Amino acid sequence: MKIKLSILDQSPVTSGSNAQEALRQTAFLAKKADEWGYLRFWVSEHHDAVTLAGSSPEILMAHLATVTSAIRIGSGGVMLPHYSPYKVAENFKVLEALFPGRIDAGVGRAPAGMPRATYALNNGRYQNKEQFPQQIDDLLMYLHDDLPADHPYEGLKAVPLTDSAPPVWVLGTSERSAALAAQKGLPYMFAQFINSEGGAEAAKYYRNHFKTSRFAAAPQQAVAVFLICAETEEEADRVASSLDLLFIMQQQGMKIDGTPSPEKAAAYSYSQLERELVQLNRERMIVGTPESAYKQLVQLAEEFQAEEIMLVSITYDFQDKLKSYKLIMNEFLKGEKNNETD
């Protein structure tokens, strides 16, 4: 099975740097990913999160599509319960009109922020996440100009009118989201980097219950995971130590001004509980040399029966992130050549 590689970037802010630099790095990474042959480059939505600069994926997508030429640009994802499906559809139809055939509309149910951000986004009203399945239906109808005659807004057009519509991906971390994607016949992305438990089972449920639709003739399954890749195992662990400490600080409510340095991580005095948490968090990560990371990713794809893996990398030094993505892509290209000659 040939595995396609993609990237999700959250525009992380490094300690001592700023959001502007984080967004510039996202754009530079998208250009390099395009050159290196990655299939997709998605950007995330986070609110009231000073360590992540990506709050408006549709706006960032427009810039990224402009500075790239072939790679697909998408949202990972738009948190649909916050918004009107009609407005979301128009945002993506503008993108599709500007960059036909290169746009992905990934949507999720999560709040992508703390409760105060959710209230602010919903103007102080309670967010009803249970409407998410209907919102997906509405989004699809608007994207494809397919409102039924008995729809309350029958005749309403989501403009601009386009010859094509971006595919809608369901993003999730549980069997519930897998069931939703399967029922609606849509591509599914499991966020292993958020939840390391139950992913393979959710993927199996998706495949076994997938209903063919006009949007997808067969299951389209992908999994997203953290990746840190370096020339040696020791260097990979050193780079990943920043992420280890970042998770500990987040989980314990410590004040964070950005991704900490490996030196800060080395100097940090971990309690026994924190060391156990580090090991637990490592289950969401692939850390190693190109050879070992390749084997782990292939195993992950086999467990999920996934045709695609989306990689997420957060490092203190941006050069380490670039190296990580380049090393693993080169290893996959080498693996493809070896398979062709076997």
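See the structure printed just above.
Residues numbered from 1 in each chain as written. Predicted model: local features only at pLDDT ≥ 70, side-chain atom pairs only at ≥ 80, totals over all residues. Heavy atoms only, no water.

Engineer: I'm lost on the side chain of Q221 in this one. Help?
Structural biologist: Among the structural elements, Q221 can be located in strand β8 (residues 221-229). Discounting residues that sit within four places of it in the chain, Q221 has contacts with Y188, A203, Y206, R207, F304, Q305, A306, E307 and E308. (Helix = DSSP H or I, 4+ residues; strand = E, 2+ residues; numbered from the N terminus. Contact = heavy atoms within 4.5 Å.)

Engineer: Explain the nonpolar core to me, please; I cannot follow it from the model alone.
Structural biologist: Generally speaking, a soluble globular protein has its nonpolar side chains buried in company with each other. Core analysis: the biggest nonpolar cluster contains 71 residues, and Y38, F41, F92, I136, L297, I309 and L311 have the highest contact counts within it. Apart from the residues lying within four places of it in its own chain, the contact partners of L311 are L5, S6, I7, L8, Y38, V225, L227, L297, Y325 and I328. Core analysis: the second largest hydrophobic core is formed by 30 residues, M189, L246, V287 and V312 among them. (Core = buried A, V, L, I, M, F, W, Y, C linked by side-chain atoms within 4.5 Å. Buried < 20%, exposed > 50% of the residue type's maximum accessible area, 1.4 Å probe, protein only.)

Engineer: Where do I start with helix α6 (residues 175-184) in this structure?
Structural biologist: Side chains of residues three or four places apart in an α-helix project in the same direction, reflecting 3.6 residues per turn. Looking at α6, one finds that the buried residues are S177, A178, L180, A181, A182 and K184. On its buried face, α6 is in contact with α5 (132-143), β6 (168-172), β7 (188-191) and α7 (199-209). Note on α6: the residue one or two positions beyond its end, G185, has a positive phi of about 65 degrees.

Engineer: Help me understand the packing of helix α2 (residues 57-67) against helix α3 (residues 85-98) in this model?
Structural biologist: Any two packed helices are characterised by how steeply their axes cross, that is the angle between the axes, and by the distance between the axes. The interhelical angle for the contact between α2 and α3, taken along N-to-C directions, is 0 degrees, at an axis separation of 11 Å. In terms of orientation, α2 lies roughly parallel with respect to α3. Residues E58, M61 and A62 of α2 touch α3, and the partners they reach there are N91, F92 and L95. By residue class, the composition of the contact of α2 with α3 is four nonpolar, one polar and one charged. (Axes fitted to C-alpha atoms, helices over the stretch in contact; angles between N-to-C directions. Parallel < 35°, antiparallel > 145°, perpendicular 65-115°, else oblique. Nonpolar A, V, L, I, M, F, W, Y, C, P; charged D, E, K, R; others polar.)

Engineer: Would you mind showing me how to read the packing of aromatic side chains here?
Structural biologist: The description of two aromatic rings rests on the distance between their centres and on the angle between their planes. A full pass over the atoms with the stated rule returns eleven aromatic pairs. With centroids separated by 6.2 Å and ring planes inclined at 65 degrees, the aromatic side chains of F28 and F318 adopt a geometry described as edge-to-face. Here F28, found in helix α1 (residues 19-36), pairs with F318, found in helix α12 (residues 318-341); they are 290 residues apart in sequence, far enough to count as distant. Residue classification places F318 among the buried residues on the basis of a relative accessible area of 14%. Ring plane angle 70 degrees and centroid distance 4.8 Å describe the contact between Y294 and F332, whose orientation is recorded as edge-to-face. Remark: F332 occurs in helix α12 and Y294 occurs in helix α11 (residues 290-304); sequence separation between them is 38 residues. In this structure an aromatic cluster arises from ring pairing among Y188, Y206 and F210. Taking the ring centre of F247 as reference, the NZ or CZ of R284 above it sits at 4.2 Å. (Phe/Tyr/Trp six-rings, centres within 6.5 Å; stacked < 30°, edge-to-face > 60°. Lys NZ or Arg CZ within 6 Å of the ring centre and 35° of its normal.)

Engineer: Just checking my understanding: could you explain the environment of S75 for this structure?
Structural biologist: Of note, S75 is situated in strand β3 (residues 72-75). With a relative accessible area of 0%, S75 lands in the buried category. Note: C-alpha distance between S75 and D104 (29 residues apart in sequence) is 6.5 Å. The residues contacting S75, other than those within four sequence positions of it, are W42, V43, P57, M61, F92, D104, A105, G106 and L171. Of the polar contacts made by the side chain of S75, one reaches the backbone oxygen of G106; its length is 2.8 Å. (Polar contact = N/O pair within 3.5 Å; in protein donor to acceptor, adjacent residues only side chain to side chain.)

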